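Given next are the chains, with one letter for each unit.
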Amino acid sequence: MKKLFPDIPCIGSEHLMLRQLSPGDAAGLRELTNSPEVYRYLPTFLFEKKYADAECAIREMYDAGRKESLILGVFSDGAFCGLAEFYGYRAPLRKVSVGYRLLPQFWGRGIATKALALMVGYLFNETDIRIVTASVMPKNRASAGVLKKNGFHCVQHSVPENWGYALPTRADKWIKTAAGNPRA
Ligand SMILES: CC(C)(COP(=O)(O)OP(=O)(O)OC[C@H]1O[C@@H](n2cnc3c(N)ncnc32)[C@H](O)[C@@H]1OP(=O)(O)O)[C@@H](O)C(=O)NCCC(=O)NCCS
């Protein structure tokens, strides 16, 4: 059984792979963080946005002491297309939250749906996680589509949360359990 944070997995196959970023991925990460449309529906405090230098962000991402989140690169046939993140790990509840963000040129090809399937498969099959959650702005129909296609259920609508903006952000709360039933 893998531990969520000490172990940095490589998930998937050459066609669609989630793996640790390396210095060679800095240009792709820079393009992502500089894309305003990617971050339109995201919190202001995402890890990769804290660094002016993408290479530095990649180095810090895998610092051994970092436990608040695990970020993997998403690669389609070897090309960097975005990030997949595990965060908000609650060991006693065996629960974690997931996030994903892709470069716009890769949208609409089913990549996020497949990446989330790989994330959930890893969590349920190779770690002790039993509950996966996601928070999504109600306007973000694409992300809701990705979650629905992966069997997530929306269990709370429009909950005010602090996403770093001047006013609270309204978020829908989505959940998937290992049993496939949100109340299991
Ligand atoms: C959200 C995001 C990851 C979706 O990635 P994607 O690879 O384009 O998603 P998919 O191609 O797997 O689409 C899954 C489903 O979502 C729906 N969908 C996709 N784009 C949509 C849009 N613009 N409007 C409405 N529904 C949409 C479709 O139902 C699609 O299913 P289909 O292929 O059967 O039509 C991508 O748009 C993105 O990176 N956005 C910016 C970052 C972000 O908002 N991340 C999520 C934060 S919660």
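Structure first, text after, so check above.
All values derive from a computational prediction rather than experimental measurement. (Residues numbered from 1 in each chain as written. Predicted model: local features only at pLDDT ≥ 70, side-chain atom pairs only at ≥ 80, totals over all residues.)

Draft legend 1. Seen up close, the overall build of the protein. For the protein, the helix and strand inventory stands at four helices and eight strands. Starting at the N terminus, the α and β elements of the protein follow one another as β-β-α-α-β-β-β-α-β-α-β-β. Compactness check: the protein gives a C-alpha radius of gyration of 16 Å against a globular reference of 16 Å for 184 residues, within 12% of the reference. Expressed as lengths along the three principal axes of its C-alpha atoms, the size of the protein is roughly 45 × 40 × 35 Å. Put simply, the protein has 184 residues, and 29% of those count as buried. Residue pairs in contact within the protein that sit at least 24 positions apart in sequence constitute 61% of those at least 6 positions apart. (Helix = DSSP H or I, 4+ residues; strand = E, 2+ residues; numbered from the N terminus. Rg over C-alpha atoms; globule rule 2.2 N^0.38 Å. Buried ≥ 20, exposed ≤ 12 C-beta atoms within 10 Å, placed from the backbone. Contact = placed C-beta atoms within 7 Å.)

Draft legend 2. Local environment of the site of the ligand. Near the ligand you find 23 residues, and of these A112, T113, R141, A142 and G145 are the closest. For the shell around the ligand, the elements supplying multiple residues, two or more each, are β5 (95-102), α3 (111-126) and α4 (141-149). Residue composition of the shell around the ligand, grouped by class: eleven nonpolar, eight polar and four charged. (Near = placed C-beta within 6 Å. Nonpolar A, V, L, I, M, F, W, Y, C, P; charged D, E, K, R; others polar.)

Draft legend 3. Expanded view of the sheet that holds strand β6 (residues 131-136). Spatial strand order, β1-β2-β3-β4-β5-β6-β8-β7: eight strands in an open sheet with mixed pairing. Each of the sheet's edge strands pairs with one partner strand only, and the pair in question is β1 (11-12) and β7 (153-161). Taken together, the three bridges between β5 and β6 define a ladder with parallel strand orientation. Along β6, the bridge assignment pairs K95 with I131. Across the sheet, α3 lies against β1, β2 (16-19), β3 (69-76), β4 (79-90), β5, β6 and β8 (169-177), angled at about 155 degrees from β5, the strand it touches most. (Pairing = 2+ DSSP bridges. Axes fitted to C-alpha atoms, helices over the stretch in contact; angles between N-to-C directions.)

Draft legend 4. Seen up close, the pairing of β5. Burial within β5 is extensive, with six of its eight residues counted as buried. Here β4 pairs with β5 via seven bridges, running antiparallel. Bridge assignment links E85 to a residue of β5, and that residue is G99. If you look at the hairpin formed by β4 and β5, you'll find four residues sitting between the two strands, and R94 has a positive phi there, around 55 degrees.

Draft legend 5. Region of the structure containing the environment of C56. With respect to the element layout, C56 can be found in helix α2 (residues 54-61). On the basis of neighbour counts, which here come to 12 C-beta atoms within 10 Å, the residue C56 falls in the exposed class. As for C56 and T169, which are separated by 113 residues in sequence, their C-alpha atoms are 29 Å apart.

Draft legend 6. How the structure looks around the packing of helix α1 (residues 26-33) against α2. Here α1 crosses α2 at 105 degrees, and the two axes come no closer than 8 Å. Comparing the axis directions of α1 and α2 gives the class roughly perpendicular. For the pair α1 and α2, the contacting residues are A26, L29, R30 and T33 in the first and A54, E55, A57 and I58 in the second. Considered class by class, the residues forming the contact of α1 with α2 number five nonpolar, one polar and two charged. (Parallel < 35°, antiparallel > 145°, perpendicular 65-115°, else oblique.)

Draft legend 7. Geometry of α1. Burial in α1 covers these residues: G28, L29 and L32. Looking straight down α1, one finds that the buried residues subtend no more than 95 degrees of arc, so they occupy a single side. (Arc of directions from axis to C-beta.)

Draft legend 8. Quick look at α2. Of the positions making up α2, those classed as buried are A54, A57, I58 and M61. Along the long axis of α2, the arc covered by the buried residues comes to 100 degrees, so they all point the same way. Next to the buried residues of α2 lie α1 and β3.

Draft legend 9. Just the nonpolar core, in detail. In terms of nonpolar packing, the biggest core is built from 40 residues, with V74, A84, V98, Y100, A115 and M119 touching the most fellow members. The element that contributes the greatest number of residues to this core is α3, accounting for seven residues. Here A84 is in contact with L18, L72, V74, Y100, A115 and M119, once residues within four sequence places are set aside. (Core = buried A, V, L, I, M, F, W, Y, C linked by C-beta atoms within 7 Å.)

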